[in-house]
Amino acid sequence: MILLQSVNEADCLDHQHRRTSGTTGRHHSRRSAYRASGLVQWGFAAGADGRAPEQLRDQALRNARAMARFGARPALPLPGAASQHRQAVAGRPAARAAELIDRLTAAHALCLSQSEGLASVRLFASEEEHLKDVSTSHGSTVHNRIRRAMVYIALTSTDDEGRPIEVLERFSAKGSLDDIDLSTDALRARLAVANGHLQAKRHAVAARGGLHTVVMGPLLTGILAHEAMGHPCEADIVLGGSIAGDLLGQRIASPLVSMVDVAHTWRGSEVMMPVYTDDEGTPAEDAVLIDRGVLKGFMHSRETAARLGMAPTGSARAYGPGDEPLVRMRNTVILPGEQTVQQLIEGVDEGYYLVATANGQADTTTEFMFGVTLGYEIKDGRLGRAIRDTTLSGSALKVLASVDGVADDLEWEATGYCGKKQPMVVSSGGPTLRAKAQLGGA
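Values in this document were obtained by computation on a predicted structure and should not be read as measured data.

Caption draft 1: Molecular detail of helix α4 (residues 218–230). Taking 1.5 Å of rise per residue, 13 residues should cover 18 Å, yet α4 covers just 16 Å from first to last C-alpha, more than 12% shy of that figure. Most of α4 sits inside the fold, with 12 of its 13 residues counted as buried. Residues P218, L220, T221, G222, I223, L224, A225, H226, E227, A228, M229 and G230 constitute the buried set of α4.

Structure representation (structure tokens):
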């Protein structure tokens, strides 16, 4: 572990030195600043053990000077406390390969015996661990450790017209694959539901395109929170022109909607991707983004907090040892309400219940489009026929403003990566909610 003090050269403000260890090896990184006439621009450099910290400092300074050609910013003192934290190991030890193969083989056999008309079964299992030892010039010494595991089970068949259809069951857990219950009893219950969806999709009909009342399940709510509202509330994107920058303190959603980027603990329990201290050595705090419909704040690094005059939230994260920390989400969630899912469905005369999504994209205006891979018609408050794969789109601001029901359920998922110049492990969650959005048609 190495702890470097601030550089005292007249034109260099040392922001960070980091030493990272893990499966990727040991690296140093440095973020320095070039100052001229009270203005500053940051530069970043990273390298393996063979490069001395002084070399990285000089490289970071040269990079900062180069960046200053594009314009410098006012030099501001960087807020944020130092942290001395060692993150505990989460979950059980890594699963043994032979035992995992046996469990997946048994799961495959169960799928074949329990599901009708299968064309194929695919199983995927993965676990990963991210270790970081962080030392900074402002006094932080931190050991960060994130572990997660995931299992996909994809059931494939054909519909009435011979077209391929699929239902995907996703399992995720904090820890190792031994923390995911793949026992026969647990799988049998999940597969029974999945098989019911698969059989319904064999007779699916096309959705009617246009603006509809939709009841979105937790998977859709989670991706809406992350993609459509989360990214526009990352403070570096706010500084880059996100629409959220002009809406702080204003009502942007229904009073039923509250949204938080959780750092590490929610309702007394550690969340899926706990971040106690970020990769700048700043203690992590929850970022309250929307409170009962009002936009309250953003996710911050030390620099964005200084530039916007706010407190840092410990949201600066880097994926690999050679990556510069950026403002990133951690565990982004729309908070549950007080209604039941059944009550939300019963309140719809004609609309759709959307259960699963496979992908999504959004921009800084909150305009989004998500793929819908499982859904049902709603008629007179009851579920009807399954619908074919389609899309959901619109403005998150308009969708969240139209919310008139939020259920008391909540599901977290941590099976994917967030992409923003570099990948990042994140989790998202939410309840079932009812709103209006555009649905793609035949």
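Caption draft 2: Expanded view of the pairing of strand β19 (residues 367–379). In the sheet, strand β18 (residues 350–362) pairs with β19 via 10 bridges, with the strands oriented antiparallel. Bridge pairing in β19 places Q361 opposite M369. Hairpin remark: β18 followed by β19, antiparallel, with 4 residues in the connecting loop; positive phi at T366, about 80°. The pairing of β19 with strand β21 (residues 390–395) spans 6 bridges and is classified as antiparallel.

Caption draft 3: Main features of the side chain of R328. With respect to the helices and strands, R328 occurs in the loop between β16 (326–327) and β17 (331–334). E234 provides the closest opposite charge to the buried, salt-bridge-free R328, at an N-O distance of 4.6 Å. A polar contact is formed between the side chain of R328 and the backbone oxygen of C418, at a distance of 2.9 Å.

Caption draft 4: Just the nonpolar core, in detail. The biggest cluster of nonpolar side chains holds 44 residues, and the ones touching the most others in it are M216, L224, M229, I290, L354, L392 and L400. If you list the elements that add at least two residues to this core, you get β9 (210–216), α4, α5 (235–239), β13 (287–291), β18, β19, α8 (396–401) and β27 (433–439). Broken down by element, this core gets its largest block of residues, 6 residues, from α4. Setting aside anything within four residues of it in sequence, one finds L224 in contact with M216, M229, F368, F370, A396, V399 and L400. Listed in part, the 22 residues of the second largest apolar core include A95, L177, I180 and L198.

Caption draft 5: Quick peek at the sheet that holds strand β26 (residues 427–430). Taken together, the 6 strands give an open sheet; going across it, the order is β14-β13-β10-β17-β26-β23, and neighbouring strands pair in mixed fashion. The open sheet has two free edges, formed respectively by β14 (294–295) and β23 (411–413), since each of these has just one partner strand. Looking at chain direction, β13 and β14 are connected through 2 bridges and run antiparallel. Its bridge partner being in β14, D291 is matched across the sheet by V294. Contacting β10 (259–262), β13, β17, β23 and β26, α4 runs over the sheet at an angle of about 120° to β26.

Caption draft 6: Seen up close, the packing of aromatic side chains. For the coordinates displayed, the defined rule picks out 3 aromatic pairs. When the ring of Y319 is compared with that of Y417, the centres are 6.3 Å apart and the planes differ by 80°; the resulting orientation is edge-to-face. You can see Y319 sitting in the loop between β15 (316–317) and β16 and its partner Y417 sitting in strand β24 (residues 417–419), a full 98 residues away along the chain. Over the aromatic face of Y417 sits the side chain of R148, whose NZ or CZ is 4.6 Å from the ring centroid.

Calculation rules
- Residues numbered from 1 in each chain as written.
- Predicted model: local features only at pLDDT ≥ 70, side-chain atom pairs only at ≥ 80, totals over all residues.
- Heavy atoms only, no water.
- Helix = DSSP H or I, 4+ residues; strand = E, 2+ residues; numbered from the N terminus.
- Expected span 1.5 Å × (residues − 1).
- Buried < 20%, exposed > 50% of the residue type's maximum accessible area, 1.4 Å probe, protein only.
- Pairing = 2+ DSSP bridges.
- Lys, Arg positive; Asp, Glu negative; His and termini not counted.
- Salt bridge = Lys/Arg side-chain N within 4 Å of Asp/Glu carboxyl O.
- Polar contact = N/O pair within 3.5 Å; in protein donor to acceptor, adjacent residues only side chain to side chain.
- Core = buried A, V, L, I, M, F, W, Y, C linked by side-chain atoms within 4.5 Å.
- Contact = heavy atoms within 4.5 Å.
- Axes fitted to C-alpha atoms, helices over the stretch in contact; angles between N-to-C directions.
- Phe/Tyr/Trp six-rings, centres within 6.5 Å; stacked < 30°, edge-to-face > 60°.
- Lys NZ or Arg CZ within 6 Å of the ring centre and 35° of its normal.

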